[in-house]
Amino acid sequence: MSKLYTLITAINNYQTVRKLTGCINDANNLLQYIEQAAKVQNLELIPLMLHDEKASKENICKEFLSHLGQATKDDICLFYFAGHGGQEAANKSFLKHESDGKLEVLACYESNLKDQGSFLADKELRYLIHQLYKKTKAQIVTIFDCCHSGTNTRGTQVIRRLMADADSRNWEGFIFNETLQEKEVAAAFDLETILPQGQHLHLAACEAHQEAQELINQGGVFTSNLVNILEQTQGKISYQGLVSAIRKKIKPSYNQNPQVSSRGDKNLLFQDFLGGITSHQRFEANIIYDTSAATWVLELGALDGIKKNNTDLVLEILDKAKKPIGEASITKVLLDKTTVHVPDELALNPEKIYKVKVSGLILDKLSVLLAESKKDLRELLGLIDEKINQEKAA
């Protein structure tokens, strides 16, 4: 039996940084889902929670390597953090590797703007992940529900999970100060050669320039939707599909764009949450209601073989028991998604995600007319690369 090691960190009651209200609630809700998922997926769950004063920088770093470090090649390691995030001015050795001159940081329980070394920097996380992967070769998943930059503001119903920017730290303030030489990092042409990244999946609540938000006394917008979608799909959704669904849920109301990326193996993006290549990837998909566009959206598009003029294509909407309850019809086919019409008499709940059985796909050559925009070309090539990797993994 494979094991699932989790290190779930959440901080509401900060020692010096502004307090939050929903982080521990987020952590508890996520763990509750993971406990259920582990039983279904026949995983032995070995959890560890670090809340408030237990979530010091020293404890987080120690347990990252000791608790998660018990894993082996066939196991899964999950690190979750809910709390404040921010930025600090980059140490001079990292300036050439940071276009904005800043490092992203997590605020630990005791983190203090007057003690820059008390924050957990992205380069330190990079170091920890590499050490963990080198030791275990396990599948590593990191999830962060925190801000990465911005101003320190607060609304009447929403709290931003961010803090003011911190000053640069001396080299002695990094956890790897005795392992890596400052002058070697400064001289390195490629940071990967001196501070490599371990293979892992990374999920984040927002982009580097955005704010992650929480509803007062409830929880983070990102984590709340993440858990809700996992429960609705019973975990049968890829990491890529999961983040895509969260984006559609929160886009109309919040200015945060969740991110997902993989380091070392892009096929990881197309695995189900907490393991296993999706067996339903080709013939089943999800439809989700896009509030901003006021329409249902199928997570397949032209790159998957969807064609509007394909009279053999059938999209059967399934209930929880996987029984057909009706059919959807195509309204517009895009590269990576398709808008569909759902009959009003089905009375689907726009807050829920529904499975769709797709039959009659025609896979043939796809002609594409490229605009002159380099941005459009990069986006297209990125989508094609994702689909190619998805097919290889299936």
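Computed from a predicted structure; not experimentally measured.

## A look at the nonpolar core
- Residues Phe79, Phe94, Ile143, Leu203, Leu226 and Leu242 are the most contacted members of the largest nonpolar core, which totals 92 residues.
- Considering every element that reaches this core, the biggest residue donor is helix H1 (residues 23-40), with 9 residues.
- Leave out the neighbours within four places in its chain, and Ile143 touches Leu78, Phe79, Tyr80, Phe81, Leu203, Phe222, Leu226 and Phe273.
- Core analysis: the second largest hydrophobic core is formed by 18 residues, Ala285, Trp296, Tyr354 and Val358 among them.

## Digging into the packing of aromatic side chains
- Enumeration according to the criterion identifies 13 aromatic pairs in this entry.
- With centroids separated by 5.6 Å and ring planes inclined at 70°, the aromatic side chains of Phe94 and Phe174 adopt a geometry described as edge-to-face. A residue pair is termed long-range when its members are at least 10 positions apart, and Phe94 in the loop between strand E4 (85-89) and strand E5 (102-106) and Phe174 in the loop between strand E8 (158-160) and helix H4 (182-187) qualify at 80 residues.
- An aromatic cluster is defined as three or more aromatic residues linked by ring pairs; in this entry it consists of Phe94, Tyr127, Trp171, Phe174 and Phe176.
- If you follow Lys123 out to its NZ or CZ, it ends over the ring of Phe94, 5.8 Å from the centre.
- The aromatic ring of Tyr133 is capped on one face by Lys137, whose charged end is 5.5 Å from the ring centroid.

## Observations concerning the environment of Lys320
- Of note, Lys320 is situated in the loop between strand E15 (314-318) and strand E16 (324-333).
- Given the relative accessible area of 82%, Lys320 is considered exposed.
- It is 9.7 Å that separates the C-alpha atoms of Lys320 and Gln234, two residues lying 86 residues apart in sequence.

## Some remarks on the sheet that holds E4
- Ordered by their spatial adjacency, 3 strands build an open sheet running E4-E5-E6, and the pairing between neighbours is antiparallel. Looking at which strands have only one partner, the edges of the open sheet turn out to be E4 and strand E6 (120-121).
- Bridge count between E5 and E6: 2 bridges; the pairing is antiparallel. Each bridged residue has a counterpart across the sheet, and for Leu106 the counterpart in E6 is Leu120.

## Here we look at the packing of helix H6 (residues 221-233) against helix H7 (residues 239-250)
- Relative orientation of the contacting elements H6 and H7 amounts to 120°, with a least axis distance of 10 Å. Comparing their axes, H7 and H6 come out oblique. As H6 packs across H7, the resulting crossing turns out to be right-handed. Within the contact between the two elements, H6 uses Val221, Phe222, Asn225, Leu226, Ile229 and Leu230 and H7 uses Leu242, Ala245, Ile246, Lys249 and Ile250.
- A per-class count over the contact of H6 with H7 returns 9 nonpolar, 1 polar and 1 charged.

## With respect to the confidence of the model for the protein
- Averaged over the protein, the pLDDT score is 84; the fraction of residues at 70 or greater is 83%.
- Overall, residues 149-158 carries pLDDT values under 50, and its contacts beyond four positions in sequence, including any with other chains, amount to 29 contacts.

## Quick word on the pattern of salt bridges
- Inspection of the entire model under this criterion finds 8 salt bridges.
- Between Lys62 and Glu63 there is a salt bridge whose closest N-O contact spans 3.9 Å.
- In this structure Lys62 comes out as partly exposed when scored by relative accessible area, which is 47%.
- The closest approach of N and O atoms between Lys123 and Glu98, which form a salt bridge, is 2.2 Å. A residue pair is termed long-range when its members are at least 10 positions apart, and Lys123 in helix H3 (residues 122-136) and Glu98 in the loop between E4 and E5 qualify at 25 residues. The same class applies to Lys123 and to Glu98, which are both buried.
- A single network of salt bridges, built from pairs that share partners, joins Lys57, Glu88, Glu124 and Arg169.

## Quick word on the state of the cysteines
- The final tally for this structure, using the stated rule, is 0 disulfides.
- The thiol of Cys23 is unpaired, and the distance to the nearest cysteine sulfur, on Cys146, comes to 9.0 Å.
- As a non-bridged cysteine, Cys108 has Cys61 as the owner of its nearest cysteine sulfur, 6.8 Å distant.
- Here Cys108 falls in the buried class, since its relative accessible area comes to 0%.

Thresholds applied
- Residues numbered from 1 in each chain as written.
- Predicted model: local features only at pLDDT ≥ 70, side-chain atom pairs only at ≥ 80, totals over all residues.
- Heavy atoms only, no water.
- Core = buried A, V, L, I, M, F, W, Y, C linked by side-chain atoms within 4.5 Å.
- Buried < 20%, exposed > 50% of the residue type's maximum accessible area, 1.4 Å probe, protein only.
- Helix = DSSP H or I, 4+ residues; strand = E, 2+ residues; numbered from the N terminus.
- Contact = heavy atoms within 4.5 Å.
- Phe/Tyr/Trp six-rings, centres within 6.5 Å; stacked < 30°, edge-to-face > 60°.
- Lys NZ or Arg CZ within 6 Å of the ring centre and 35° of its normal.
- Pairing = 2+ DSSP bridges.
- Axes fitted to C-alpha atoms, helices over the stretch in contact; angles between N-to-C directions.
- Parallel < 35°, antiparallel > 145°, perpendicular 65-115°, else oblique.
- Left-handed = near helix turned anticlockwise from the far one by under 90°.
- Nonpolar A, V, L, I, M, F, W, Y, C, P; charged D, E, K, R; others polar.
- pLDDT = per-residue confidence, 0-100.
- Salt bridge = Lys/Arg side-chain N within 4 Å of Asp/Glu carboxyl O.
- Disulfide = S-S within 2.5 Å.

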